[in-house]
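Geometric and topological summary
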Amino acid sequence: MAGYSLKEVQTPDGMDADHINKRRRMYWNYIERHPNHVHLAPKVEQEARDALTWFYLDNIRAGSRSTVPFSKQECEDLLRAISLINFDPGDNSPGRTTFFSWLLKVIWTYRVSSRHGQDTTRQWEENKARSVPTGPLPSAPFPAYIRVPLNFITNVFFFSIPNSYLEHIKVASEYHGRLATLQNVWGQYTSRIVKEYQDFLLIATVLLSATVALLSVPDIQSTAKAAGIVSVFASMGSMITGVFCLWRHQVNVKQSQSFTYLHNAHHGTFGLHGHVVFLSLPPVLLVWSIIAFAIGFIAYTAQGLVGVHNTGEWAAAWVALSISSFVLIAVVCALYIFAGMWK
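Residues numbered from 1 in each chain as written. Predicted model: local features only at pLDDT ≥ 70, side-chain atom pairs only at ≥ 80, totals over all residues. Heavy atoms only, no water.

1. Some words on the overall build of the protein
Within the protein, the secondary structure is distributed over 14 helices and zero strands. Each helix (α) and strand (β) of the protein, taken in turn from the N terminus, gives the series α-α-α-α-α-α-α-α-α-α-α-α-α-α. Burial statistics for the protein: of 343 residues in total, 34% are counted as buried. Put simply, of all contacts in the protein between residues at least 6 apart along the chain, 72% involve residues at least 24 apart. Summing over all exposed atoms, the protein offers an accessible surface of approximately 20,200 Å²; the carbon and sulfur share of this is 64%. (Helix = DSSP H or I, 4+ residues; strand = E, 2+ residues; numbered from the N terminus. Buried < 20%, exposed > 50% of the residue type's maximum accessible area, 1.4 Å probe, protein only. Contact = heavy atoms within 4.5 Å. Areas by Shrake-Rupley, 256 points an atom, 1.4 Å probe, with all protein chains shown as cover.)

Spelled out as structure tokens, the structure:
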């Protein structure tokens, strides 16, 4: 027997709050499947409005940590849809019945899971904190013989650049109880990665052209030539890995693909730290390309100091090297200051 009023389904022994919540959910599930069998009660619209208003308030208070079934925008859309329907007790169209029964089924399903009417506010918040995992998804541990070399490579040869990507991917993998929030964070993560790779590709392309021009200079010595060749290969490596990563992050934007990506990142062969090391290859190779280009350019400038003592060419070379040294010191100081600015 199904009925909207509690008196219609009340048992002689009575029912606790949990049974009431479950029976209301079952009732609205039945009405959704059979919209022509039962007429909606007059206070159905107000019940739906009250629940959506509470969901809207919880979204404002809890933000991304809210676990209610509808987001703030969805609550606004549903409240607007209810106003457009213009509830009329005499109108028992199947479409309106299906809409309200579906909405109230979702509401009571959430209330069953949240123990509606059974706990105080403090108890409900404590239960919510225990049941909803927060923070990043756990990563698969890897042995010390992998962890130690990775840390050394990250801090020395990769200039600690993977650490910033590690923070980004940890934020993207945080789950606060709502899949829609995880999808939004994933979208922000992919957009940031795509924008950064686009910038790296542009810089690497310009640097590659400048390095090729340096190598085409006649009478360039072996040191400058070797540094230029290293710069070319580093730029090409940055461009190749950047293009591939850019393409892969642009096309895999679905929610199911984000779950696969995050799982593989945390549980891959090298773990999360190994993943961010490879993820940071485009900027790291670009930095090494810039360093090699600077070494090659300085070596080419230093050629003017050999065998031309106290000449105009010798003086010009010393001026160029002095200015380059000043710029190098300024760059190192800036890097040192900003590297520890947020620590």
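So much for the structure itself; the text now carries on.
2. A short note on helix α7 (residues 144-157)
Between the first and last C-alpha of α7 there are 19 Å, a value that for 14 residues agrees with the 20 Å anticipated at 1.5 Å per step. Buried positions along α7 lie against α8 (161-172) and α12 (271-279). Immediately downstream of α7, the backbone of F159 shows phi near 55 degrees, a positive value. (Expected span 1.5 Å × (residues − 1).)

3. Quick look at the environment of A294
Tracing the sequence through the fold places A294 in helix α13 (residues 281-302). Along the sequence, A294 and T211 sit 83 residues apart, while their C-alpha atoms lie 9.7 Å from each other.

4. Considerations on the packing of helix α3 (residues 44-62) against helix α4 (residues 72-85)
Look at α3 against α4: their axes get within 9 Å of each other, and the N-to-C directions meet at 160 degrees. Looking at the two axes, α3 sits roughly antiparallel to α4. Crossing handedness for the pair α3 and α4: left-handed. Contacts between α3 and α4 involve E45, A48, R49, L52, F55, Y56, N59 and I60 from the first element and K72, C75, E76, L78, L79, I82 and S83 from the second. Here the residues of the contact of α3 with α4 are counted per class, giving nine nonpolar, two polar and four charged. (Axes fitted to C-alpha atoms, helices over the stretch in contact; angles between N-to-C directions. Parallel < 35°, antiparallel > 145°, perpendicular 65-115°, else oblique. Left-handed = near helix turned anticlockwise from the far one by under 90°. Nonpolar A, V, L, I, M, F, W, Y, C, P; charged D, E, K, R; others polar.)

5. Describing the nonpolar core
Ranked by size, the top nonpolar core spans 29 residues in total, and within it Y165, I169, Y189, I193, Y197, Y261 and L279 carry the most contacts. Elements with a minimum of two residues in this core: α7, α8, α9 (179-215), α10 (222-251), α11 (255-267), α12 and α13. Sort the elements by how many residues they give to this core and α9 lands first, with ten residues. Among residues more than four places away in sequence, those in contact with I193 are Y165, H249 and L279. (Core = buried A, V, L, I, M, F, W, Y, C linked by side-chain atoms within 4.5 Å.)

6. Some points on unusual backbone geometry
Of note, F159 is a non-glycine position whose phi angle comes to about 55 degrees, a positive value. Structurally, F159 is set in the loop between α7 and α8. Its identity as a non-glycine residue notwithstanding, S160 has a phi of 65 degrees, on the positive side. By relative accessible area, S160 is classed as partly exposed at 31%.

7. Things to note about the packing of aromatic side chains
Tallying each qualifying case throughout the model produces 13 aromatic pairs. Aromatic pair F159 and W288: ring centres 5.1 Å apart, planes at 45 degrees, arrangement tilted. In this pair, F159 sits in the loop between α7 and α8 while W288 sits in helix α13, placing the two residues 129 residues apart along the sequence. A relative accessible area of 33% places F159 in the partly exposed class. (Phe/Tyr/Trp six-rings, centres within 6.5 Å; stacked < 30°, edge-to-face > 60°.)

8. Focus: the confidence of the model for the protein
Across the protein, pLDDT averages 81, with 80% of residues at or above 70. The secondary-structure element of the protein with the lowest mean pLDDT is helix α1 (residues 6-9), recorded at 54, while α10 shows the highest, at 93. Residue range residues 132-138 is modelled with pLDDT below 50. Its contacts to residues more than four positions away, or to other chains, number 19 contacts. (pLDDT = per-residue confidence, 0-100.)

9. Points about the environment of I146
Inspection of the secondary structure assignment puts I146 in helix α7. On a C-alpha basis, the gap between I146 and G271 in space is 9.5 Å, while along the polypeptide they are 125 residues apart.

10. A short note on a nonpolar patch on the surface
Where nonpolar side chains cluster on the molecular surface, the patch consists of F152, V156, F157, F159, W288, I291 and I295 and spans about 610 Å² of accessible area. Elements represented by at least two residues in the nonpolar patch include exactly α7 and α13. (Patch = residues over 30% accessible without salt bridge, like charges linked within 9 Å, V, L, I, M, F, W, Y side chains within 5 Å. Salt bridge = Lys/Arg side-chain N within 4 Å of Asp/Glu carboxyl O.)

11. Digging into the pattern of salt bridges
Enumeration according to the criterion identifies five salt bridges in this entry. Where K105 meets E32, a salt bridge forms, and the shortest distance between an N and an O atom there is 2.8 Å. Here K105, found in helix α5 (residues 94-113), pairs with E32, found in helix α2 (residues 17-33); they are 73 residues apart in sequence, far enough to count as distant. Note on E32: relative accessible area 21%, which makes it partly exposed. For E45, the salt bridge is made with R49, and the minimal N-O distance between the two is 3.2 Å. Taken together, the positions of E45 and R49, both in helix α3 and four residues apart, correspond to about one turn of that helix. For R49, a relative accessible area of 24% translates into the label partly exposed.

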